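The chain contents come next:
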Amino acid sequence: MKEQSCILVPGTLGLGLALFLYHRYFRGNRRKTRRCNGRCNVLEERNSLNDLVQKRDSELRSSYLKPETIRIFKYIAPPMDFKSHKGQGGRIAVVGGSEDYTGAPYYAGMAALKTGAELLYMFASAEASPALKVYSPELMVTPFYRTSECTGTDAWVSRTASTIAKRIQRFHAIVIGPGLGRNKHLVPVVRNILHEAARAKIPTVLDADGVWAVCQDPQMLSQAGMVVLTPNKVEFEKLYKSVMLADRKLDGNLKADVESLCRKLNNVVIIRKGPSDIISDGIVSLECVEKGAPKRSGGIGDVLSGVTATCIAWAQMKSSLSNKQDSKASQKIFVHAAHCACSIVRKAWEITFSDCGRGSCVPDLLDKLGVVVKSIEAAAC
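Worth saying up front: this structure is predicted, and the values here are computed from it rather than measured. The numbers attached to residues start from 1 for each chain and follow its sequence in the written order. Totals for whole chains, interfaces and linings use all residues, but because this is a predicted model, local features are given only for residues with pLDDT of at least 70 and pairs of side-chain atoms are given and counted only at 80 or more. The basis for every side-chain value is the complete set of non-hydrogen atoms in the structure, without hydrogens or water.

To continue, consider the overall build of the protein chain. Within the protein chain, the secondary structure is distributed over twelve helices and nine strands. The criterion used for residue contact is that any of the two residues' heavy atoms lie within 4.5 Å. For the protein chain, restricting intrachain contacts to residue pairs at least 6 apart in sequence, the fraction spanning at least 24 positions comes to 69%. Each helix corresponds to a stretch of at least 4 residues labelled H or I by DSSP, and each strand to a stretch of at least 2 residues labelled E; elements are numbered beginning at the N terminus.

Structure, rendered in structure tokens:
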């Protein structure tokens, strides 16, 4: 009996252990497998649904874009064919940034890159350069003056402008103005850069403080080459008064006012920003009526200047490759390229506001530029 009890006790323990292991691992694993399979199926369905939603959103967003915008973009944009070298898709320079303003040139530079430019050169004050270098490794930042050393003498102006002028041949387009500041000593520097750009046939975008510089010296555009001005309502009124010498309100025919100002400034292209953007060179006039968004965050104009620089750089490259002798046809492509830039920014801002609402900020807008460009390239025209 004693031996039997010794045999029964281990047997009971063994059976209990076997039952424990069975329930703990075998049946437990089966339950986990079922739960995992169910969860995986749910995740797969959810991912599939997200893919469908993203595909639908992409199709809807691309369908909102005007066919003319799609055609122009596809015409001017360089091909993505694995045959180009670094920088051939667009080398853009931004002249701006001061002690008080470092965000504006950053937005302009990053917008150019997000649109499709490949290299971004930035020239800023010595005070702004360290911050701009930290913002993004994509930006190649060079300080070209120090605020405390601004004298306005001919020697200082020539030395300051030469920092940019000696490199100007490598650029496809230049943006002047975002965050540059309203330092009167920089006005002749802007004039020198414009003349060097005209000599090298480099298109230039003048935005914000660049437009202010023109207001101080409208004659700087008398020998300028391909120039795009991007004034808002207030900037346009000041520019109109300084050039036309007319102290009157511009509440009449806005399109006619833009055209007359373009002709007075040797047929530069003007993007008059507003509820709808008026783009004209005094001969050809277009209106961008993309919806955009009701929120007016600071920095959207800087983004437009960067996108415009990329588009007109591509237009210039396309015009050079086609070897067109018709100057009017060559000029017309810049108006359409500027219109294309306005459409891209307005559409990207519309999508940003749709996603982020009242909390929409310009960094969100930068992220959406690539979305819009991709949808343009994917759309049939």
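Right, let's get into the packing of aromatic side chains. Each Phe, Tyr or Trp ring, with Trp reduced to its six-membered ring, pairs with another whose centre is within 6.5 Å; inter-plane angles below 30 degrees give stacked pairs, above 60 give edge-to-face pairs, and intermediate values give tilted ones. Inspection of the entire model under this criterion finds seven aromatic pairs. Measuring from ring centre to ring centre gives 6.0 Å for Phe236 and Tyr240, while their planes differ by 45°; the resulting arrangement is tilted. On the criterion of helical spacing, the pair formed by Phe236 and Tyr240 is a turn pair, its members being four residues apart in helix H8 (residues 233-244). One aromatic cluster is present, formed by Tyr106, Tyr107 and Tyr135 through successive ring pairs.

The next thing to look at is the sheet that holds strand E2 (residues 119-125). Taken in spatial order, the nine strands of this open sheet run E3-E2-E1-E4-E5-E6-E7-E8-E9, and their pairing is mixed. Edge strands, defined here as strands with exactly one partner in the open sheet, are strand E3 (139-145) and strand E9 (285-288). For this sheet, the mean angle separating the axes of adjacent strands, direction not counted, is 20°. Relative to strand E7 (residues 269-272), strand E6 (residues 227-229) is paired through two bridges, and the arrangement is parallel. Residue Leu229 lies in a different strand from E7, and its bridge partner there is Ile270. DSSP-based pairing: two strands are paired if at least 2 bridges between them are found. The axes are straight lines fitted to the C-alpha atoms, using for helices just the contacting stretch, and the angles between their N-to-C directions are given from 0 to 180°.

Values of pLDDT, the confidence the predictor places in each residue, fall between 0 and 100. Taken as a whole, the protein chain shows an average pLDDT of 86; of its residues, 78% reach a score of 70 or greater. Ignoring residues within four places in sequence, the model shows residues 1-10, a span with pLDDT below 50, making one contact including any to other chains.

The term salt bridge refers to a pairing of a side-chain nitrogen on Lys or Arg with a carboxyl oxygen on Asp or Glu at a separation within 4 Å. Applying the stated criterion across every chain yields a total of twelve salt bridges. The salt bridge partner of Arg182 is Asp209, with a shortest N-O separation of 3.2 Å. Taken together, the positions of Arg182 in the loop between strand E4 (173-176) and helix H6 (187-199) and Asp209 in helix H7 (residues 209-216) put the pair 27 residues apart, joining distant regions of the chain. Burial classification: accessible surface area is computed with a 1.4 Å probe over protein chains only, and a residue below 20% of its type maximum counts as buried, one above 50% as exposed, and the rest as partly exposed. Asp209 sits in the buried class, given a relative accessible area of 10%. Arg199 serves as the salt-bridge partner of Glu196, at 2.8 Å between the closest nitrogen and oxygen. Here Glu196 pairs with Arg199, and both are found in helix H6, just three residues apart, close to one helical turn. On the basis of relative accessibility, which here comes to 28%, the residue Glu196 falls in the partly exposed class. Look at Arg199 and you get exposed, because its relative accessible area is 60%.

Take the environment of His336 next. With respect to the helices and strands, the residue His336 is situated in helix H11 (residues 327-356). Classification of His336 as buried rests on a relative accessible area of 14%. When the C-alpha atoms of His336 and Glu68 are compared, they prove to be 9.0 Å apart, with 268 residues separating the residues in sequence.

Of all seven residues making up E2, seven are buried, and the element is well covered by its neighbours. In this structure, strand E1 (residues 91-95) lies alongside E2, joined through five bridges in parallel fashion. Among the inter-strand pairings, Ile92 is bridged to a residue of E2, identified as Leu120. Each parallel crossover has a hand, and for E1 linked through helix H3 (residues 103-115) to E2 it is right-handed. Relative to E3, E2 is paired through six bridges, and the arrangement is parallel. Bridge assignment links Ser125 to a residue of E3, and that residue is Tyr145. Crossover handedness is defined by viewing with both strands directed away from the observer: a clockwise path from the first strand over the helix to the second marks the crossover as right-handed.

Glancing now at the nonpolar core. Note on terminology: a nonpolar core comprises buried Ala, Val, Leu, Ile, Met, Phe, Trp, Tyr and Cys residues joined through side-chain atoms within 4.5 Å. Ranked by size, the top nonpolar core spans 65 residues in total, and within it Ile92, Val303 and Val307 carry the most contacts. Sort the elements by how many residues they give to this core and H11 lands first, with 13 residues. When neighbours within four sequence positions are excluded, Ile92 is seen to be in contact with Ala112, Ala117, Leu119, Leu120, Tyr121, Ala173, Val175, Ala309, Thr310 and Ala313. By size, the runner-up hydrophobic cluster in this structure holds 48 residues, among which are Ile164, Ala213, Val214 and Leu229.

For the rest of this paragraph, the subject is the packing of helix H5 (residues 154-165) against H6. Between H5 and H6, the shortest axis-to-axis distance is 9 Å and the interhelical angle comes to 40°. By the criterion of interaxial angle, the relationship of H5 to H6 is oblique. The two elements H5 and H6 cross, and the hand of that crossing is right-handed. Residues Trp156, Val157, Ser158, Thr160, Ala161, Ile164 and Ala165 of H5 form the contact with H6, whose own contacting residues are Pro188, Val189, Asn192, Ile193 and Glu196. A per-class count over the contact of H5 with H6 returns eight nonpolar, three polar and one charged. Oblique is the label for any angle not under 35 degrees, not over 145, and not in the 65 to 115 range, which are roughly parallel, roughly antiparallel and roughly perpendicular in turn. For any helix crossing, the convention is left-handed if the near helix is rotated counterclockwise from the far helix by under a right angle, and right-handed if that rotation is clockwise. Residue classes follow a fixed rule: Ala, Val, Leu, Ile, Met, Phe, Trp, Tyr, Cys and Pro count as nonpolar, while Asp, Glu, Lys and Arg count as charged, and any other residue, Gly among them, counts as polar.

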